[in-house]
Amino acid sequence: LAVLALPLFLGMGTGMLGEEQGLVVPEPDQSFTAVVVDQDDMSTEVSDFTCDGWTYFLGTRGKTEFSVGFERIESARFFWEPPKVRGDFALKDGQNLSLMLEPETPCLGKSRYGAVRVKVRDLKTLTLSGPNP
């Protein structure tokens, strides 16, 4: 019995049981490219960029919820205002929009090094392009 259990035990840390290794980037409904700069001023170009699997930011202004699609966003700056993060969005039509965002929301994508994940609270700036074909 111990001989039969050994391969199962040894395989548990290697993904043998169907576990994913590393980060899993969701397949977005549209593909956007982003240049992400985090709070440590590290810049990364990311393809298939999403936030929590979606191609929009969801936030509030006062008591009203808004979603702003990535196709409308040119760039954004992020500011920690506990317990939320303020996102100041420069839209492609020349308008500006500020939303209060959930700080723990994960944003994901693919870089030339592999999968990337950054929480909204760790974003400093973001420049978006797309949707890409």
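In case you missed it, the structure is sitting above this.
Residues numbered from 1 in each chain as written. Predicted model: local features only at pLDDT ≥ 70, side-chain atom pairs only at ≥ 80, totals over all residues. Heavy atoms only, no water.

S.K.: I would appreciate a short explanation of the nonpolar core in the present structure.
M.R.: One broad trend across soluble globular proteins is that nonpolar side chains are buried collectively. Core analysis: the largest hydrophobic core is formed by 24 residues, its most contacted members being Phe49, Phe57, Phe78, Phe89 and Leu126. When contributions to this core are tallied by element, the ones reaching two or more residues are strand E1 (31–38), strand E2 (43–51), strand E5 (73–81), strand E6 (84–91), strand E7 (96–101) and strand E10 (123–132). For leucine 126, the contacting residues outside a window of four places in its chain are Ala34, Val35, Val36, Phe49, Phe57, Glu74, Ser75, Ala76 and Phe78. (Core = buried A, V, L, I, M, F, W, Y, C linked by side-chain atoms within 4.5 Å. Buried < 20%, exposed > 50% of the residue type's maximum accessible area, 1.4 Å probe, protein only. Helix = DSSP H or I, 4+ residues; strand = E, 2+ residues; numbered from the N terminus. Contact = heavy atoms within 4.5 Å.)

S.K.: Which parts of the structure should I look at to understand the environment of aspartate 122?
M.R.: Secondary-structure assignment places aspartate 122 in the loop between strand E9 (114–119) and E10. For the pair aspartate 122 and proline 103, spaced 19 residues apart in sequence, the C-alpha to C-alpha distance is 8.1 Å. The contact partners of aspartate 122, leaving out residues within four places of it in the chain, are Asp38 and Gln39.

S.K.: What's the story with unusual backbone geometry in this structure? I'm lost.
M.R.: The residue after proline 82, namely proline 83, is reached through a cis peptide bond having omega 10°. Examined against the element boundaries, proline 83 turns out to sit in the loop between E5 and E6. Residue proline 131 is bonded to the preceding glycine 130 through a cis peptide linkage, with omega at 10°. In this structure, aspartate 41 is a non-glycine residue whose phi angle is positive, near 65°. Within the fold, aspartate 41 resides in the loop between E1 and E2.

S.K.: Any chance you could explain the state of the cysteines here in plain terms?
M.R.: Note: disulfide means a covalent bond formed between the sulfur atoms of two cysteine side chains. Counted under the stated rule, the structure contains 1 disulfide. Put simply, cysteine 51 and cysteine 107 are joined by a disulfide, and their sulfur atoms are 2.2 Å apart. Judged by the sign of its S-S torsion, about 95°, the bond between cysteine 51 and cysteine 107 is right-handed. Residue cysteine 51 is found in strand E2, and its partner cysteine 107 is found in strand E8 (residues 106–111); the two are separated by 56 residues along the sequence. Overall, the relative accessible area of 1% leaves cysteine 107 in the buried class. (Disulfide = S-S within 2.5 Å.)

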